[in-house]
Amino acid sequence: MPKKTARPIDLRSDTVTQPSPQMRKAMAEALVGDDVYSEDPTINILQERVAGLLGKEAALFVASGVMGNQLCVRTHTRPGDEVLIHEGGHILNYEGGSAAALAGIQLRPLPGEGGQFEPKDVTDAIRPAQEHFARSRLVCLENTHNRAGGTVWSLPRMRAVVEEARECGLAVHLDGARLWNAHVATGVPLNAYCALVDSVSVCFSKGLGAPVGSVIAGSEEFIHEARFHRKKYGGAMRQVGVLGAACLYSLDHNIERLADDHRNAHLLADRLRVVEGVSIPHPVDSNIVMLELADRGLSAADVVQALAAKGVLAGPVDRTRVRFVTHMDVDQGQVARAGEIAASVIGGLGAAAAGA
Ligand SMILES: *Cc1c(COP(=O)(O)O)cnc(C)c1O
């Protein structure tokens, strides 16, 4: 019999997971109604449950994490306002420029290690209330921080920044696409993180393994307003409980198991760390491993291509950085194998470069 080509070990993102048969069954059996009339029972249960989990008055199902963040930015601001965010933030780097295009605000990037900044960075960025200046209005935090390698804000550090932001009269939004990972990594309850902020967005289509869906949460008034914007952005959907059922399933089954993904990320990082001339620039706090190749003179694109040829998929982050993300569809054995393959591929490319 011809040997079947092995499926690649896909570590490009935790968004590549397939819904499990049990999750699909929950979706198929979901009770649904027209959610534009607020009559989808599954979505209503999901929104109530997530509001409860996050300790907020109300919650709203949205099509994607980007839509969730953008609705929150839009709801907190008026055109011309300024929004403070880490220079590596998702809202600044990976949302198609939509904060400028759709909310008409300007983003003010702040520097800092690990996707985090200090209270003083907020104070220093506040603009005087004068006609020359944009109005400083909102600060956006991200936990875990994607571009900084899944790093986690500790509760005290986040609290210090939020207190300073409040002192300066700013609202605070939390991009919590992977807040589940921060919670599992630290044991800090979800509602303890969320109590600090005015609005939060969480994703179900990352580590939790649902095919589609995010939820935003905040005060009754905030969510009421965000609902108007959701309609404007084309995000009000009809019998969307088929998707909500997958999210509910993921809350019941897929939160605690994120610890496995975190262990697997450590396993991979430990294997890659010992390859000469490469480094892992951030602490591996959750399910993301960033690999820096600059010292070895390798390009991210070349490494990603060479890895793919050997059956390991990873993603280029910039010219010299490659990202690996662990998730529920790769087990420990596959991650260990990916580590061996990556170590050997990168080692080989380095040798070729040195010999040239
Ligand atoms: C994935 C992600 C989002 C949402 O992106 P989508 O493409 O809408 O899934 C938002 N914020 C962060 C930090 C993310 O990693």
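Since we're looking at a predicted model, the values are computed, not measured. Each chain has its residues counted from 1, following the order in which its sequence is written. Two thresholds apply to this predicted model, a pLDDT of at least 70 for residue-level local features and 80 or more for giving and counting side-chain atom pairs, whereas whole-chain, interface and lining totals are computed over all residues. Heavy atoms throughout the structure, all of them, feed into the side-chain values; hydrogens and water do not.

1. A word on the pairing of strand 5 (residues 136-142)
Counting buried positions along strand 5 yields 6 of 7 residues, so the element is predominantly enclosed. Relative to strand 6 (residues 171-176), strand 5 is paired through 5 bridges, and the arrangement is parallel. Bridge assignment links C140 to a residue of strand 6, and that residue is H173. Taken together, strand 5, helix 7 (residues 155-167) and strand 6 form a β-α-β motif whose crossover is right-handed. Under the scheme applied here, a residue whose accessible area is under 20% of the maximum for its type counts as buried, over 50% as exposed, and between as partly exposed, the area being computed with a 1.4 Å probe on protein chains only. Only DSSP runs of H or I covering at least 4 residues are called helices, and only runs of E covering at least 2 are called strands; the numbering of each starts at the N terminus. Pairing between strands is defined by DSSP: at least two bridges between the two strands are required. The path from the first strand over the helix to the second decides the hand: if it runs clockwise while the strands point away from the viewer, the crossover is right-handed.

2. Here's the deal with the sheet that holds strand 12 (residues 321-325)
Reading across from one edge, 9-12-11 is the order of the 3 strands in this open sheet, with antiparallel pairing throughout. In this open sheet, the two edge strands, each paired with only one partner strand, are strand 9 (288-292) and strand 11 (315-316). As judged from the 2 bridges shared by strand 11 and strand 12, these two strands associate in the antiparallel manner. Its bridge partner being in strand 12, P316 is matched across the sheet by V322.

3. What to know about the domain arrangement of the protein chain
Domain boundaries shown here were taken from an automatic or database domain assignment. The domain boundaries assigned to the protein chain delineate domain 1 (21-253) and domain 2 (257-350). One C-alpha centre belongs to domain 1, the other to domain 2, and the line joining them spans 28 Å. Using a 1.4 Å probe, buried area is obtained as the accessible area two parts lose upon being combined, added over both of them. Buried area between domain 1 and domain 2, summed over both chains or domains, comes out near 1400 Å², and the portion from carbon and sulfur atoms is 55%. Salt bridge, as used here, is a side-chain nitrogen of Lys or Arg placed within 4 Å of a carboxyl oxygen of Asp or Glu. Linking domain 1 with domain 2 are 1 salt bridge, by the criterion used here. In this structure, D318 engages R147 in a salt bridge whose closest nitrogen and oxygen atoms are separated by 4.0 Å. Polar contact is the term for a pair of N or O atoms within 3.5 Å; when the atoms are in protein, one must be able to donate a hydrogen and the other to accept it, and sequence-neighboring residues count only if both atoms are side-chain atoms. Counting across the domain 1 and domain 2 interface gives 4 residue pairs in polar contact (both at pLDDT 80 or more). Residues are grouped as follows: Ala, Val, Leu, Ile, Met, Phe, Trp, Tyr, Cys and Pro are nonpolar; Asp, Glu, Lys and Arg are charged; all remaining types, including Gly, are polar. Class assignment of the residues belonging to the side of domain 1 that touches domain 2 gives a composition of 7 nonpolar, 10 polar and 2 charged.

4. As for helix 7
In this scheme, a helix's expected span is set at 1.5 Å multiplied by one less than its residue total. Between its terminal C-alpha atoms helix 7 stretches 18 Å, which fits the 18 Å expected from 13 residues at 1.5 Å a residue. All of the buried residues in helix 7 are L155, M158, V161, V162 and A165. The arc that holds every buried residue of helix 7, seen down its axis, measures 135 degrees, which confines them to one face. Residues of helix 7 that are exposed and point more than 90 degrees away from the buried face comprise P156 and E167. Where helix 7 is buried, its residues meet helix 6 (119-125), strand 5, strand 6 and helix 9 (190-195). Of the residues flanking the start of helix 7, the one acting as N-cap is S154, its side-chain oxygen 3.2 Å from the backbone nitrogen of R157. Remark: G169 follows helix 7 within two positions and exhibits a positive phi of approximately 80 degrees. What the arc measures is the spread of directions leading from the helix axis to the C-beta atoms. When checking whether two residues touch, look at their non-hydrogen atoms; a contact exists if any pair is within 4.5 Å.

5. Let's talk about the side chain of S199
By the element assignment, S199 lies in strand 7 (residues 199-203). Side chain to side chain, S199 and H76 meet in a polar contact 2.8 Å long. Apart from the residues lying within four places of it in its own chain, the contact partners of S199 are C72, H76, V172, H173, L174, A217 and F222.

6. Focus on the packing of helix 2 (residues 41-54) against helix 11 (residues 241-253)
A pair of packed helices is captured by two measures, namely the crossing angle of their axes and the spacing between those axes. Note on definitions: angles span 0 to 180 degrees between N-to-C directions of axes, and those axes are lines fitted to C-alpha atoms, for helices only across the stretch in contact. Running from amino to carboxyl end, helix 2 crosses helix 11 at an angle of 35 degrees, the nearest separation of the two axes being 8 Å. Where helix 2 crosses over helix 11, the two elements pack in a sense that is left-handed. For the pair formed by helix 2 and helix 11, the contact residues are T42, I43, I45, L46, R49, V50 and L53 on the first element and G241, G244, A245, C247, L248, L251 and D252 on the second. For the contact of helix 2 with helix 11, a count of residues per class yields 9 nonpolar, 3 polar and 2 charged. By convention the crossing between two helices is left-handed if the near helix lies anticlockwise of the far one by an angle smaller than a right angle, and right-handed if it lies clockwise.

7. A few points about the site of the ligand
Every residue close to the ligand is listed here: S64, G65, V66, N69, H90, E95, E142, N146, D175, A177, R178 and K206. Between the ligand and G65 there is a distance of 3.0 Å, counted from an oxygen atom to a backbone nitrogen or oxygen. For the ligand, an oxygen atom lies 2.9 Å from a polar atom in the backbone of V66. Coverage of the ligand by the protein chains reaches 81% of its 380 Å² of free accessible surface. With 3 residues, helix 3 (residues 65-76) is the largest single contributor of residues to the shell around the ligand. The class makeup of the residues in the shell around the ligand is 2 nonpolar, 5 polar and 5 charged. The rule for a residue being near a molecule or strand is that one of its heavy atoms must lie within 4 Å of it. For the accessible areas, the method is Shrake-Rupley and the probe is 1.4 Å, while residue cover comes only from the protein chains on display.

8. Digging into the pairing of strand 9
Of all the 5 residues making up strand 9, 5 are buried; the element is thus mostly covered by neighbouring parts of the structure. Residues I288, M290 and E292 of strand 9 are buried on one face, and the alternating residues V289 and L291, pointing to the opposite face, are buried as well. Sheet analysis places strand 9 next to strand 12, joined by 5 bridges and oriented antiparallel. By the bridge assignment for strand 12, E292 is matched with R321.

9. What to know about unusual backbone geometry
Residues N143 and T144 are joined by a peptide bond in cis, for which omega reads 0 degrees. Mapped onto the secondary structure, T144 falls in the loop between strand 5 and helix 7. Notably, S38 is not glycine yet its phi reads approximately 60 degrees, a positive angle. Since its relative accessible area comes to 38%, S38 is described here as partly exposed.

10. What to know about empty space enclosed by the protein
For each structure, a 1 Å grid was placed over the protein atoms alone; sets of points admitting a 1.4 Å probe that cannot get out are labelled cavities, open sets with protein on both sides within 12 Å along at least five of seven lines are labelled pockets, and lining residues have an atom within 4 Å of a point. Grid points are joined across faces, edges and corners, and a volume is the space filled by probe spheres set on the points. Taken as a whole and assessed by the stated rule, the structure comprises 1 cavity of 30 Å³ or more. Counted as a void, the largest cavity has a volume near 60 Å³. Considering the residues around the largest cavity, the lining is formed by I85, H86, G89, I91, G115, F117, C140, L141, E142, H145, W153 and D175. Secondary structure elements with two or more residues in the lining of the largest cavity: strand 3 (82-86) and strand 5. For the lining of the largest cavity, the element with the highest residue contribution is strand 5, accounting for 3 residues. Across the lining of the largest cavity, the residue classes tally to 6 nonpolar, 4 polar and 2 charged.

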